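Residue-level structure breakdown
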Amino acid sequence: MLAAATLLPACAVHPQSALDPKGTVARMEYGLMGFSLLIMLGVFAAVVILLTFVLIRYRQRGADQPLPKQVEGSHVLELLWTAIPIILLVVLVIPTISDSFRLAAPAGAHALRITAIGHQWWWEFDYPDYGIVTADEMHMPTGQRVEVTLESADVIHSFWVPSLGGKEETVPGQPNAMWLEADQAGIYPGQCAEFCGLSHSLMRFFAVAESPAAFTRWVEARRHPDTTPHSAMAQQGLALFNQYGCGGCHAIDGTPAQGKVGPNLTGLGSRAVIVAGALQNNALDLGQWIHDPGAIIPGTVMPPFAGLTDAQMQALTAYLEGLQ
Ligand code: CUA
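Below, the discussion takes up the pattern of salt bridges. Tallied over the full model, the rule gives five salt bridges. Here D20 and K22 are joined by a salt bridge, their closest N and O atoms 2.7 Å apart. A relative accessible area of 15% means that K22 is categorised as buried. The partner of R223 in a salt bridge is E220, with the nearest N and O atoms 4.0 Å apart. Here E220 and R223 lie together in helix α4 (residues 212-223), a separation of three residues that amounts to about one turn. In this structure E220 comes out as partly exposed when scored by relative accessible area, which is 35%.

See below:
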């Protein structure tokens, strides 16, 4: 989050909290939570007051005191404690059903389509209308609905950006859908919310909401990536990238690297975070990751490249960080 704050100073990093709604969906859900909490507090208060009254009023005042008048089968009481819960549930069910249908309805023709794909343990984001594939950061314009199709590459994950909306599972072979809308520009932390293996807790991502103009600039930059190595060192890094077969797992659009196993690295240098938000995006952290990925994301399929010399690692990270 610190890295995100440094690299995108125009954007505020919001807390990862469902109690801090920053979009249409999250606000509807927060409203329902607040309303049901209010009803529950009312019931709780009524029960506590009645209980306290009965405890004091009918306590045993002495050993010889007779039992108070015994009441059994009171029609009035039976009616009251049947009718009150029914009324409360009806009051609660009306907005719940109404909001559920609003949230389950299609996002509409003007929605931006994004496919979020859960992998052990990182998030891929595809923009089918733009031909963009990226990872770790889900860019979206403010004030526009985003229809997120949820898929999984392996096991069940759960997509959750608490400030923008509730969680929904990514199930292998069974796409789910939800929509989100962000009111204001900002970085909203997200998190996998379904236990999915060893590094589940590290499976984070960021929803980056930006003005429509900024979003369009991002789309254009991603569609026309700069993949040219701009220094001799970066040139050497490209040679190493090819020599070690990195392109077998990773894609860099506009180059022969077309792997689909790991994250797409197009424009890597422009991202705020890498490795599902576990590391800052700089040559040092990236080198640390490539040297021993399992030390950062235990169980990752990314193999270690511990045999690279310091000079080779500097060259490789110079090439990767130069991708814009
Ligand atoms: Cu993916 Cu937990």
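Turning our attention to the sheet that holds strand β5 (residues 146-152). Strand order in this open sheet of five strands is β3-β2-β1-β5-β8, and the pairing throughout is mixed. With one partner strand each, in any of the chains shown, β3 (132-135) and β8 (176-180) form the two edges of the open sheet. The mean angle between the axes of side-by-side strands here comes to 25 degrees, regardless of whether they run parallel or antiparallel. Note that β5 and β8 share five bridges and pair antiparallel. In the sheet register, V146 faces β8, and the bridge partner there is L180.

Here the focus is the packing of aromatic side chains. Each aromatic ring pair is summarised here by two numbers: the centre-to-centre distance and the angle between the ring planes. Summed over the entire model, instances satisfying the criterion amount to ten aromatic pairs. With a centroid separation of 6.4 Å and 65 degrees between ring planes, the pair formed by Y130 and F215 is classed as edge-to-face. Of the two residues, Y130 sits in the loop between β2 (122-127) and β3 while F215 sits in helix α4, which places them 85 residues apart along the sequence. On the basis of relative accessible area, F215 is assigned to the buried category, the value being 5%. Through successive ring pairs, a cluster of aromatic residues spans W123, F125, F159 and F205. Lying over the aromatic face of Y58, R57 brings its terminal NZ or CZ to 5.0 Å of the ring centre. A cation over a ring is seen here: K167 above W160, with NZ or CZ 4.2 Å from the ring centre.

So, about the packing of helix α6 (residues 283-291) against helix α7 (residues 310-321). When two helices pack together, their arrangement is given by the angle between the helix axes and the distance between those axes. Running from N to C, α6 and α7 point in directions that differ by 115 degrees, and their axes come no closer than 9 Å. For α6 against α7, the interelement crossing comes out right-handed. Taken together, the residues of α7 that come into contact with α6 (itself represented by A283, L286, G287, I290 and H291) are M313, L316, T317, L320 and E321. Within the contact of α6 with α7, the residues separate by chemical class into six nonpolar, three polar and one charged.

In this section: the domain arrangement of the protein chain. Examined at the domain level, the protein chain breaks down into domain 1 (14-56 + 106-224) and domain 2 (232-321). Taken residue by residue, the interface counts 15 residues in domain 1 and 19 residues in domain 2. Across the domain 1/domain 2 interface, buried area totals approximately 1,500 Å², and carbon plus sulfur atoms make up 55% of it. On inspection of domain 1 and its partner domain 2, the count reaches zero salt bridges. At the junction of domain 1 and domain 2, the tally comes to seven residue pairs in polar contact (both at pLDDT 80 or more). Counting only elements with at least two residues in the side of domain 1 that touches domain 2, the list comes to β3 and β10 (204-210).

On to the nonpolar core, then. Judged by nonpolar contacts, the single largest core of 54 residues is most densely connected at F159, I290 and L320. In terms of residues, this core owes the most to one element, α7, which gives five residues. When we break this core down by domain, the ones giving at least three residues each are domain 1 (14-56 + 106-224) and domain 2 (232-321). Setting aside anything within four residues of it in sequence, one finds L320 in contact with F241, L265, L268, G269, L286 and I290. If you look at the next biggest cluster of nonpolar residues, it comprises five residues, including I187, F206, A272 and V273.

Here is what the cut-offs are and how they apply
- Residues numbered from 1 in each chain as written.
- Predicted model: local features only at pLDDT ≥ 70, side-chain atom pairs only at ≥ 80, totals over all residues.
- Heavy atoms only, no water.
- Salt bridge = Lys/Arg side-chain N within 4 Å of Asp/Glu carboxyl O.
- Buried < 20%, exposed > 50% of the residue type's maximum accessible area, 1.4 Å probe, protein only.
- Helix = DSSP H or I, 4+ residues; strand = E, 2+ residues; numbered from the N terminus.
- Pairing = 2+ DSSP bridges.
- Axes fitted to C-alpha atoms, helices over the stretch in contact; angles between N-to-C directions.
- Phe/Tyr/Trp six-rings, centres within 6.5 Å; stacked < 30°, edge-to-face > 60°.
- Lys NZ or Arg CZ within 6 Å of the ring centre and 35° of its normal.
- Left-handed = near helix turned anticlockwise from the far one by under 90°.
- Contact = heavy atoms within 4.5 Å.
- Nonpolar A, V, L, I, M, F, W, Y, C, P; charged D, E, K, R; others polar.
- Domains from an automatic or database assignment.
- Buried area = accessible area lost by both parts, 1.4 Å probe.
- Polar contact = N/O pair within 3.5 Å; in protein donor to acceptor, adjacent residues only side chain to side chain.
- Core = buried A, V, L, I, M, F, W, Y, C linked by side-chain atoms within 4.5 Å.

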